[in-house]
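Residue-level listing of the chains:
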Amino acid sequence: MSTQWDVMRELSTMQDRMNRIWGGLYDRGHAGHEDVSGHGAWLPPVDIYETAEKEIVIKAELAGLKRDAIDLTVENNTLTIRGQRPAEEGAADAQFHRSERVFGAFSRSFTLPNTVDASKVKAEYREGVLTVRLPRREEARPRQITVDVQG
Amino acid sequence: MTLVRWNPSRELASMEIDRLNRMFEEFAGTGRAWTPAVDVYETTDREYVIKAELPEMKREDINVTFENHVLTLTGERRTDFAADNGTYHRSERFYGKFSRSFTLPPTVDGNSINASYKDGVLTVRIPQREETKPRQIAVGE
């Protein structure tokens, strides 16, 4: 049986899965429930999609972060977003009534399929969302090959 | 009857309206509703601060209302047009409508509420009325 090769399946690799498992351990009880006992690691939600132009777009919610607090690296086909969100100013002296936001450091990694051109990564940060655009490598685009039949 | 000391924070903690809203939403089968993370705290200047994480929203899509000491944040985040025409491979973010309400103590000044939106975070500052602040009263002769 042949299965269609899904480029994006490669994006959700072991590494990222491990991140989530570890993150999930600390984050347990956070999703859907109100956890009074304080939360663990911050795991910003991410959307990944492929546009009609076959460009891969990664969008991460990093609300409250300053642009210079975000670190984006591509190494060995692995894209890593790291950052640190410090606690609010004056929060140390404040009396908290509700604390649902998570502060501290985060790291998320995604393995890029070899169809994208890692040297042409573009990133912008607006209104708390980091958008990373990865264009498709020129040679990875579908081509029409004409075969001459002789005889 | 025992006298119970009035604690404004208890009122904040009893923000059950919010919880009920969410329960109803879940019951209505709208799936997992978007519940933006919120911090509520009182500064040393006795000002209430509500911070809600609402990344990638348009200012005009966020509504802040105050009625009967209940502050309500509502809004809607639309999906990305480009994503709608593409293929999703990972979808962890929420889209659609949200609503969160917080009951504030009667000491707050509803006329001086200030809201700002920066880096995807909505900050609402609610000062307390001047006359409810602690005062030092000099003792005369």
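Since the model is a prediction, treat every value here as computed from it, not as a measurement.

About the thresholds
Residues numbered from 1 in each chain as written. Chains lettered and ligands numbered in written order. Predicted model: local features only at pLDDT ≥ 70, side-chain atom pairs only at ≥ 80, totals over all residues. Helix = DSSP H or I, 4+ residues; strand = E, 2+ residues; numbered from the N terminus. Buried ≥ 20, exposed ≤ 12 C-beta atoms within 10 Å, placed from the backbone. Contact = placed C-beta atoms within 7 Å. Nonpolar A, V, L, I, M, F, W, Y, C, P; charged D, E, K, R; others polar. Pairing = 2+ DSSP bridges. Axes fitted to C-alpha atoms, helices over the stretch in contact; angles between N-to-C directions. Core = buried A, V, L, I, M, F, W, Y, C linked by C-beta atoms within 7 Å.

Engineer: So what exactly am I meant to see when it comes to the environment of V38 of chain B here?
Structural biologist: Mapping V38 of chain B onto the fold places it in strand β1 (residues 38-42). A tally of 21 C-beta atoms within 10 Å means that V38 of chain B is categorised as buried. Residues V38 of chain B and E67 of chain B, 29 residues apart in the sequence, show an inter-C-alpha distance of 19 Å. The residues touching V38 of chain B, leaving out its near neighbours within four places in the chain, are R98 and E100 of chain A together with I50, K51, A52 and R100 of chain B.

Engineer: Is there a simple way to explain the interface of chain A and chain B in this structure?
Structural biologist: Where the parts come together, the accessible area they lose is often given as the size of the interface. Taken residue by residue, the interface counts 30 residues in chain A and 30 residues in chain B. Looking at the side of chain A that touches chain B residue by residue, the class counts come to 14 nonpolar, eight polar and eight charged. Of the pairings in the sheet, the one linking strand β5 (residues 95-99) of chain A to β1 of chain B comprises four bridges and is antiparallel in character. Residue R98 of chain A lies in a different strand from β1 of chain B, and its bridge partner there is V40 of chain B.

Engineer: Explanation requested: unusual backbone geometry in the structure shown.
Structural biologist: For residues other than glycine, phi is negative in most cases, and the peptide bonds are mostly trans. Residue and element names in this part refer to chain A. The phi angle at K54 is positive, at roughly 65°, despite the residue not being glycine. You can see K54 is positioned in the loop between β1 (46-50) and β2 (56-61). Overall, K54 belongs to the partly exposed group, with 17 C-beta atoms counted inside 10 Å.

Engineer: In this structure, what is going on with the sheet that holds strand β8 (residues 121-127) of chain B? I would like to understand it.
Structural biologist: Whether parallel or antiparallel, the strands of a sheet pair through hydrogen bonds between backbone atoms. One open sheet holds the five strands; their spatial order is β5(A)-β1(B)-β2(B)-β8(B)-β7(B), and the pairing between them is antiparallel. Of all the strands in the sheet, the pair left with one neighbour each is β5 of chain A together with β7 (114-118) of chain B. Strand-to-strand twist in this sheet, taken as the mean axis angle between neighbours without regard to direction, amounts to 15°. Pairing analysis gives five bridges linking β1 of chain B to strand β2 (residues 47-53) of chain B, with the strands arranged antiparallel. Its bridge partner lying in β2 of chain B, D39 of chain B is registered against K51 of chain B.

Engineer: So what exactly am I meant to see when it comes to the nonpolar core here?
Structural biologist: A general trend in soluble globular proteins is that nonpolar side chains are found buried together. One finds I58, A60 and L130 of chain A together with Y48 and I50 of chain B to be the most contacted residues of the largest nonpolar core, which totals 38 residues. When residues of this core are traced back to their parent elements, those giving at least two are β1, β2, β4 (78-85) and β8 (129-134) of chain A together with β1, β2, β4 (70-77) and β8 of chain B. Leave out the neighbours within four places in its chain, and I58 of chain A touches V46, I48, F110 and V132 of chain A.

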